[in-house]
Amino acid sequence: MKKKIMGIMILLVCLCLIVLGRTASAASVSVEKIAYVDTVTKSLVLKFTEFSEDGYTYTVKNMTTGQQLTGSVASKVTSFSLPLGDSYVADTKYKLVLKGKNNEELTVYYYTGDAVSGLNMVKNADESLRVSWNLQNGSLYQGYYVQLAENADSPQASVVSKAEAGNQTSKTLTADLLTSRSYRVYVIGYRKVGKNLCYGQGIEGTFNYAKKPEKVLGVSAVPNSNRAKLSWLPVTGASYYRIYKSTKSSGKYTLAMDKVTKTSATVTGLTGGKKYYFKVAAVGAAGSRKAVGKKSSAVSASIPVVAGQVKKVKLMLDSDNKLALTWNRCTNATGYRIYYKKAGETSYKKLANTKNKVYTLDALDSGTKYSLVVYAYTKVGSKKYLSSEPSRTITFTPSKYMNKHYNKLLANGVRTIGYVGKTKCIYTKKKYSKEVKTAFVNYKGYSSSTPYLIWISHYTQQVTIFEGTQGNWHMIRTFLCSTGKASTHSPIGVSKISYKEPGWFYENTKELYVSHYWGRNSFHTRPLWNSGAVQDPTIGKPASHGCVRCYNRDAKYIYDNIPIGTTVVSY
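Residues numbered from 1 in each chain as written. Predicted model: local features only at pLDDT ≥ 70, side-chain atom pairs only at ≥ 80, totals over all residues. Heavy atoms only, no water.

Colleague: What am I meant to see in the environment of N224 here?
Modeller: Along the polypeptide, N224 turns up in strand β16 (residues 220-224). According to the relative accessible area criterion, N224 is partly exposed, its value standing at 24%. For the pair N224 and K279, spaced 55 residues apart in sequence, the C-alpha separation works out to 18 Å. Beyond its immediate stretch of four places on either side in the chain, N224 contacts I303, P304, Y385 and L386. (Helix = DSSP H or I, 4+ residues; strand = E, 2+ residues; numbered from the N terminus. Buried < 20%, exposed > 50% of the residue type's maximum accessible area, 1.4 Å probe, protein only. Contact = heavy atoms within 4.5 Å.)

Colleague: Just to check I follow, could you spell out the sheet that holds strand β24 (residues 314-317) for this structure?
Modeller: Within a beta sheet, neighbouring strands are joined by backbone hydrogen bonds and run either parallel or antiparallel to one another. Taken in spatial order, the three strands make up an open sheet running β24-β25-β28, and their pairing is antiparallel. Looking at the sheet topology across the chains shown, the edges are occupied by β24 and β28 (358-360). Taken pair by pair, the neighbouring strands of this sheet meet at an average axis angle of 35°, ignoring direction. Bridge count between β24 and strand β25 (residues 323-326): four bridges; the pairing is antiparallel. Pairing of L317 across the sheet is with L323, part of β25. Its contacts with the sheet place helix α2 (residues 398-412) against β24 and β25, and it is angled at close to 80° to β24. (Pairing = 2+ DSSP bridges. Axes fitted to C-alpha atoms, helices over the stretch in contact; angles between N-to-C directions.)

Colleague: What's the story with the sheet that holds strand β13 (residues 170-173) in this structure? I'm lost.
Modeller: Spatial strand order, β9-β10-β13: three strands in an open sheet with antiparallel pairing. Strands at the two margins of the open sheet, each flanked by one partner only, are β9 (117-123) and β13. Within the sheet, the average angular offset between the axes of one strand and its neighbour, ignoring direction, is 15°.

Colleague: I would appreciate a short explanation of the layout of surface pockets in the present structure.
Modeller: When its volume is computed, the largest pocket comes out at roughly 950 Å³. If you go around the largest pocket, you meet 27 residues; those closest to its centre are M316, G413, V414, R415 and Y459. Looking at the lining of the largest pocket, the elements that each hand over two or more residues are β24 and α2. When the residues that make up the lining of the largest pocket are grouped by side-chain class, the tally is 10 nonpolar, nine polar and eight charged. (1 Å grid on protein atoms, 1.4 Å probe; cavity = no way out; pocket = protein on both sides within 12 Å on 5 of 7 lines; lining within 4 Å. Points joined across faces, edges and corners; volume = space filled by probe spheres on them. Nonpolar A, V, L, I, M, F, W, Y, C, P; charged D, E, K, R; others polar.)

Colleague: I tried to follow empty space enclosed by the protein on my own but got confused; where do I start?
Modeller: Left-over empty space is what a probe sized like a water molecule reveals as it rolls over the atoms. Counted under the stated rule, the structure contains one cavity of 30 Å³ or more. The volume enclosed by the largest cavity comes to roughly 40 Å³. Lining the largest cavity, in full, are V60, N62, Q67, Q68, L69, L84, S87 and Y94. Of all the secondary-structure elements, those providing two or more residues to the lining of the largest cavity are β4 (56-62) and β5 (68-73). Looking at the lining of the largest cavity residue by residue, the classes come out as four nonpolar, four polar and no charged.

Colleague: What is the right way to look at the side chain of T368 in this model?
Modeller: Tracing the chain through its elements places T368 in the loop between β28 and β29 (370-380). Here D365 takes part through its side chain, which lies 2.5 Å from a polar atom of the side chain of T368. Once residues lying within four places of it in the same chain are set aside, the contact partners of T368 are K342, F396, T397 and P398. (Polar contact = N/O pair within 3.5 Å; in protein donor to acceptor, adjacent residues only side chain to side chain.)

Colleague: When you look at unusual backbone geometry in this model, what are you seeing that I'm missing?
Modeller: What is expected of a backbone is that most residues other than glycine have negative phi and most peptide bonds are trans. Unlike most non-glycine residues, K42 shows phi in positive territory, near 55°. The residue K42 is located in the loop between β2 (33-38) and β3 (43-48) in this model. Under the relative-accessibility criterion, K42 is labelled partly exposed at 39%. Despite not being glycine, K76 has its phi angle at roughly 70°, a positive value.

Colleague: Would you take a moment to explain the nonpolar core for this structure?
Modeller: The tendency in soluble globular proteins is for nonpolar side chains to be buried as a group. Core analysis: the largest hydrophobic core is formed by 37 residues, its most contacted members being L315, L325 and F396. When residues of this core are traced back to their parent elements, those giving at least two are β24, β25, β26 (335-342), β29, β31 (394-396), α2, α3 (434-443) and β34 (452-457). When neighbours within four sequence positions are excluded, L325 is seen to be in contact with V313, K314, L315, I338, K357, V358, Y359, L361, L372, V374 and I394. With 31 residues, the next largest nonpolar core counts Y56, V73, Y94 and Y186 among its residues. (Core = buried A, V, L, I, M, F, W, Y, C linked by side-chain atoms within 4.5 Å.)

Colleague: When you look at the pattern of salt bridges in this model, what are you seeing that I'm missing?
Modeller: If charged atoms from side chains of opposite charge come close, those side chains can pair. Under the counting rule described, the total for this entry stands at 12 salt bridges. For E150, the salt bridge goes to R181, with nearest N and O atoms at 3.5 Å. Of this pair, E150 sits in the loop between β11 (143-149) and β12 (159-166) while R181 sits in strand β14 (residues 181-193), and the two are 31 residues apart along the sequence. Overall, the relative accessible area of 34% leaves E150 in the partly exposed class. Close ionic contact of E345 with K349 constitutes a salt bridge, the shortest N to O distance being 3.2 Å. Of the residues examined, E345 reaches a relative accessible area of 29% and is grouped as partly exposed. According to the relative accessible area criterion, K349 is partly exposed, its value standing at 38%. Here the salt bridges do not stand alone but share partners, grouping K47, R184 and E204 into one network. (Salt bridge = Lys/Arg side-chain N within 4 Å of Asp/Glu carboxyl O.)

No statement about biological role is implied by the geometric values presented.
Below, the structure is given as structure tokens:
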């Protein structure tokens with residue numbers, strides 16, 4: 001029994017020794033490589049796919065004399081040139097052994113000589129590549145390899161084609177082996193010495209090969225505001241795409257977009273109301289060389305007439321004193337769409353659609369910071385087209401903005417009269433609150449050389465009188481008036497009371513208590529008959545030739561109480 005156990009143990013030890021022995025021996029590796037002799041520098045060149053991350057040791061042996069050179073190269077190296085110096089001998093076989101830290105081993109044989117020069121590359125009409133060279137000694141090598149590495153900028157040998165040229169001095173590589181890119185082209189002589197294939201003298205160069213791609217198929221065009229989105233099927237071998245446009249299907253097509261790397265793109269800058277035609281071509285490119293494929297069939301897109309950019313977007317208070325967004329109306333706009341994003345978010349979401357030019361923001365969280373933009377949209381048939389450009393961005397936190405800008409928001413809600421030609425005035429019968437009036441004159445910073453300030457509101461047809469100082473005005477009187485008609489409208493701006501007259505008297509009528517504030521434009525009563533009866537009772541809407549008509553008591557109040565030099569704001 002002891003002898004049997006002892007025998008098993010001896011067998012196990014033997015097996016372990018065998019395994020260890022195998023582990024310790026070098027393991028040959030098969031890697032992608034380019035090897036040749038550089039006779040100018042008398043070096044052995046090797047470009048290979050990395051097989052050891054920890055670096056390499058090498059041994060070069062002259063197979064005739066037995067002389068050896070040894071050394072090491074760093075990790076991550078995939079290309080090196082090993083000068084032989086005085087060890088270089090023509091017509092001689094060398095053996096290079098490159099060994100990784102884990103004993104992986106690559107063996108390459110070389111044969112020194114001088115037999116290749118004059119490398120030349122030409123692309124043929126059929127897209128093939130003809131590589132040619134010259135020989136100084138035609139009997140030195142048995143044949144030649146033509147090798148192409150896929151990236152001319154990379155030192156690593158990533159071979160995409162290896163063709164044997166025999167003892168010829170040229171080789172044509174067919175188009176099916178090639179794609180558009182920069183190639184590193186190698187021509188290397190070889191010779192078989194005994195059982196070993198030896199790499200001989202070589203020459204290398206760069207060639208930018210641009211291959212003409214196939215015709216683009218499956219093109220479609222979707223119109224939008226001042227633009228059209230095109231998409232198509234990918235083309236094998238395309239480096240990028242070109243888009244052409246025309247306003248006639250059989251007309252001249254001009255380049256609309258170049259170097260499009262995806263299979264879709266949006267052509268901008270198109271005119272609404274026009275029909276455009278588009279074609280797409282694939283391009284093969286390498287370096288400065290380009291080969292443009294056949295253009296696709298034409299597709300069309302009718303560009304709708306759509307509203308432009310929304311202007312004058314700002315924050316204000318609505319009629320209920322809630323924070324709101326307002327903007328100017330856009331020509332051709334059916335409605336408006338508001339988008340928002342919260343602080344920290346990267347994309348906008350739709351907040352609302354509206355046909356008004358004011359939108360109350362009561363749905364927003366008062367303590368959150370927002371960014372808002374407004375687009376106009378135009379409805380054509382059943383589809384809504386957004387304008388191509390958003391409004392300016394409004395960024396704010398509702399509660400902070402309200403606290404800081406309340407008076408500003410009140411003041412911004414004030415507007416002046418509008419005119420349609422010389423026949424129509426745009427005004428309102430609604431009246432501003434005392435809070436709005438006070439905020440307007442104080443926020444705008446109006447001053448006066450007297451303790452009084454007068455504001456003529458053309459939009460509400462009211463005169464308001466304030467007492468105090470700049471930034472601290474208090475309303476003491478407000479009343480209706482009638483400013484100038486559209487054809488003879490009252491002046492707009494800031495002036496002051498310049499002088500006063502008891503009245504203007506005509507043959508049958510008169511106007512009393514005249515206080516001039518802008519040349520002959522004045523505050524005075526409505527036109528009266530000489531008897532004192534009212535000749536034109538109009539009040540609360542534009543009716544004068546430029547003056548501000550008031551009730552008798554209000555005109556007399558200004559005449560009696562407001563001193564010369566008082567500022568008059570006509571807005």
